[in-house]
Each structure stands twice: as structure tokens, then as C-alpha cells.
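Overview (structure and organization)
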Amino acid sequence: MAQCGSNLVISYTYGGGSYAQRTSLGNGRVVIDYYQAQQYSPLRIMTHEIGHILGLPDNYNGNCALLMSGGSAGTSCTNPYPSAAEAARVDQLFGFAPRSATGAGVFTGSWPAPATVGAQH
């Protein structure tokens, strides 16, 4: 188990499936199923479950481009990024201004982190 600040606790289990338990918007705990993470992208599972903490519902339509489609997109889907609509919904829930067309680029190339991150201060 890892305490991530004061708003999010992340832990793992062996069996039973991954899930998020939101206590309030932006707060809660994420449980990752070790066995499920052997079949599906662990990063996609994590970001999908954090999406629930941030207020996004499941959308099991099988579309890999939608983060909240979860496991319905299949084991080959490794996309850990929210769609523009999903990101806009989180912004709306948290009272942020709508993103500009260039603002969506913050997700591009952020995983794995560039080697220079943290090297300059």
C-alpha cells in the first residue's frame, strides 16, 4: 500500500479484480489486482481507476481510445490517456476552464518520463 498525498491510497490484491473506492470527488483508494495486471496494461488499469476517483464513470464500449472503456478494449490496449472528452469532463468537475486545442498535448509523450525530468532545477 502507498499513501499518495492525503487524497489517494493505492494498494494491491491477489484476485477479485481492480477497483476504485471514491470517498469524495478527488479522494479515495485504488486497488489493483495483481493477476489482472499480468494480463492487462498495469498503467492503463491504474489510470482507469484513478479516473473513477476523479469522477469518470465506466464506459465499456471496447474503444481503446477511451480510458474509461477499461478492460472491454482487450488485453492488447495499452492506452493510459483519457480522451479529450474525458479530460474535459474532469476539468468541468473540478471547475477548471476548458482546455484549448493545444492544451490536450500535455498527455503526449509523458510515459515513460523523459530522462531529463528532475535533472534540472
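The structure this text deals with has already been given above.
Notes on the structure in this doc start here. Only a predicted model underlies this, so the values are computations on that prediction, with no experimental measurement involved.

**So, the state of the cysteines**
Inspection of every chain in the model, using the stated rule, returns one disulfide. With its sulfur 2.0 Å from that of its partner, Cys-64 forms a disulfide with Cys-77. For the disulfide bridge between Cys-64 and Cys-77, the dihedral angle about the S-S bond is near 85°, and by the sign convention the bridge is right-handed. Of this pair, Cys-64 sits in the loop between α2 (42-53) and α3 (84-93) while Cys-77 sits in the loop between α2 and α3; the two residues are 13 residues apart in sequence, bridging distant segments of the chain. Using a relative accessible area of 28% as the deciding quantity, one classes Cys-64 as partly exposed. By relative accessible area, Cys-77 is classed as buried at 3%.

**Here we look at a nonpolar patch on the surface**
A cluster of nonpolar side chains, Tyr-12, Tyr-14, Tyr-34 and Tyr-35, forms an exposed patch at the surface whose accessible area comes to about 500 Å². With respect to the helices and strands, Tyr-12 occurs in strand β2 (residues 8-13). Given a relative accessible area of 53%, Tyr-12 falls into the exposed group.

**Observations concerning the environment of Glu-86**
If you trace the backbone, Glu-86 turns up in helix α3. A residue is classified by how much of its surface remains accessible, and Glu-86, at 9% relative accessible area, is buried. Beyond its immediate chain neighbours, meaning those up to four positions away, Glu-86 contacts Leu-56, Leu-66, Leu-67, Met-68 and Tyr-81. A distance of 2.7 Å separates a polar side-chain atom of Glu-86 from the backbone nitrogen of Ser-83.

Here is what the cut-offs are and how they apply
Residues numbered from 1 in each chain as written. Predicted model: local features only at pLDDT ≥ 70, side-chain atom pairs only at ≥ 80, totals over all residues. Heavy atoms only, no water. Disulfide = S-S within 2.5 Å. Helix = DSSP H or I, 4+ residues; strand = E, 2+ residues; numbered from the N terminus. Buried < 20%, exposed > 50% of the residue type's maximum accessible area, 1.4 Å probe, protein only. Patch = residues over 30% accessible without salt bridge, like charges linked within 9 Å, V, L, I, M, F, W, Y side chains within 5 Å. Areas by Shrake-Rupley, 256 points an atom, 1.4 Å probe, with all protein chains shown as cover. Salt bridge = Lys/Arg side-chain N within 4 Å of Asp/Glu carboxyl O. Contact = heavy atoms within 4.5 Å. Polar contact = N/O pair within 3.5 Å; in protein donor to acceptor, adjacent residues only side chain to side chain.

Coordinates in, geometry out; function isn't part of it.
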